[in-house]
Structure formats: structure tokens, C-alpha cells
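Commentary on secondary and tertiary structure
Listed below are the residues making up each chain.
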Amino acid sequence: MSVSLEVIHAFLSRARSMMWAAVGEVSSVEPVVPGTKFYQLVEGDWCYTDQFAGYVRFSGIEFVSYRGEAVWSMSYYGGILPGSEDIVDEVHAFLGRMLLQHVSDTRLFSKWARGEAEGKWMYRYLLSELGPAHATELIYLRQAEGSMPVYHCHFLGGLIVAG
């Protein structure tokens, strides 16, 4: 089954914005793996799932399925860097704002890479030289003496082609 990356990205952006905007208000589906959270959105032939564990440091995987077949996936690992745990809620709040503002182009492995500042925070999303489906997300705390990294997340994923 062939589905264009643009169509997958459009659905993924809608699904993520619904999930990210409703965090705390959305009840998760019963997780397959104990100790994880599992969110799911079904829209016609499309299904988005996000299963993850952790908060200060976390790991997870997203899937997009079309007509019952997985067509896209992304795994991720990251979190608050050691020594910055006391600002975890502030960092996650800033991250949430950045992700919602740029939902149609972050974490999609497109050519988009940027740095954006808001008050004392700076967000960076960088594509890896390892390939088009590998990226890193960073958050810095901007201070008078310079910027200090406080958060990182690494992503790996892309299209799934069944044999």
C-alpha cells in the first residue's frame, strides 16, 4: 500500500495537535506494556498511537496506520539533562508551546530546522547528518553568562514499507 509522505504528515500533524493540546484532559487507552501511557486517535481509515514512559527522562514510539497497516513510525528518547530536574515542569511547558506552534513541521524529518527563543528559553530542532530520518531536539536556558542546555530528545523513524 502506497501513501504519500505529505498525506501522512498532514494526518500526523492533526493527530499530534489534538493529543498535545489535550494532555491532561485526554484519557489514555489501556497500555500494552505495563508502566507506560498509550494515546490513540482514530480518524476514518487513519490511526495514530503514541506509547511512552517517563517524564523527567522518557522513551516512546509513535505509529501511524492507514487501513490497518502501519505506514510510519518514530521512536524517541530524551528528557531533562542531569542537574536541571528542578525546572522540569517549566521546560515541558515551553516545549509544549513550541510543538503546538510548529506542529506541522516539527518532528517530521523534513528539511525544517530552526532555533526559536521565548523569554529565557531557546528551542532548537536539528536534522542529523546521519540521514533524513534522524533528528535532535534541544532546549537551552538563556542566562547572562550564556546558554545552558537543559533538555534533549533524539528521534529516529520514517516510512514503513511492507515486503
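For the structure, see preceding data.
This section reports on the structure supplied with the text.

About the thresholds
Residues numbered from 1 in each chain as written. Predicted model: local features only at pLDDT ≥ 70, side-chain atom pairs only at ≥ 80, totals over all residues. Heavy atoms only, no water. Helix = DSSP H or I, 4+ residues; strand = E, 2+ residues; numbered from the N terminus. Buried < 20%, exposed > 50% of the residue type's maximum accessible area, 1.4 Å probe, protein only. Polar contact = N/O pair within 3.5 Å; in protein donor to acceptor, adjacent residues only side chain to side chain. Contact = heavy atoms within 4.5 Å. Core = buried A, V, L, I, M, F, W, Y, C linked by side-chain atoms within 4.5 Å. Salt bridge = Lys/Arg side-chain N within 4 Å of Asp/Glu carboxyl O. Pairing = 2+ DSSP bridges. Expected span 1.5 Å × (residues − 1). Arc of directions from axis to C-beta.

1. A closer look at the side chain of Ser 73
- Relative to the helices and strands, Ser 73 resides in strand β4 (residues 69-80).
- For Ser 73, a relative accessible area of 11% puts it in the buried group.
- A distance of 3.1 Å separates a polar side-chain atom of Ser 73 from the backbone oxygen of Glu 62.
- Setting aside anything within four residues of it in sequence, one finds Ser 73 in contact with Ile 61, Glu 62, Phe 63, Leu 156, Gly 157, Gly 158 and Ile 160.

2. Considerations on the nonpolar core
- Among the nonpolar cores identified, the biggest contains 36 residues, and Val 64, Ile 139 and Tyr 151 are the most heavily contacted of them.
- Looking at this core, the element that brings in the most residues is helix α2 (residues 88-101), giving 6 residues.
- Once residues within four sequence positions are removed from consideration, Ile 139 is found in contact with Val 91, Phe 94, Leu 95, Trp 121, Met 122, Tyr 123, Met 148, Pro 149, Val 150 and Tyr 151.

3. Describing the pattern of salt bridges
- All told, the structure shown has 6 salt bridges when counted by the stated rule.
- Note that Arg 16 is salt-bridged to Glu 62, the shortest N-O span being 2.5 Å. Pair noted here: Arg 16 is in helix α1 (residues 5-21) and Glu 62 is in strand β3 (residues 57-66), with a separation of 46 residues, a long-range link. In this pair, the class of Arg 16 matches that of Glu 62, namely buried.
- Arg 67 is paired through a salt bridge with Asp 45; the nearest N and O atoms lie 3.1 Å apart. Of this pair, Arg 67 sits in the loop between β3 and β4 while Asp 45 sits in the loop between β1 (37-43) and β2 (46-54), placing them 22 residues apart in sequence.

4. Regarding the pairing of β2
- Of all the 9 residues making up β2, 7 are buried; the element is thus mostly covered by neighbouring parts of the structure.
- The pairing of β1 with β2 spans 7 bridges and is antiparallel. Bridging across to β2, Tyr 39 finds its partner in Asp 50.
- Taking the residues that link successive antiparallel strands as the turn, the β1-β2 hairpin has 2 residues, and the phi of Gly 44 there is positive, at about 65 degrees.
- In this sheet, β3 lies alongside β2 in antiparallel orientation, the contact comprising 9 bridges. Its bridge partner lying in β3, Tyr 48 is registered against Val 64.
- Linkage of β2 to β3, two consecutive antiparallel strands, is achieved through a turn of 2 residues.

5. Structural notes on α2
- Between its first and last C-alpha, α2 extends 20 Å over 14 residues, near the 20 Å set by a 1.5 Å rise per residue.
- Regarding α2, the residues found buried are Val 88, Val 91, His 92, Phe 94, Leu 95, Met 98 and Leu 99. For α2, the arc enclosing every buried residue in end-on projection is 165 degrees, short of the 170-degree limit, so these residues lie on one face.

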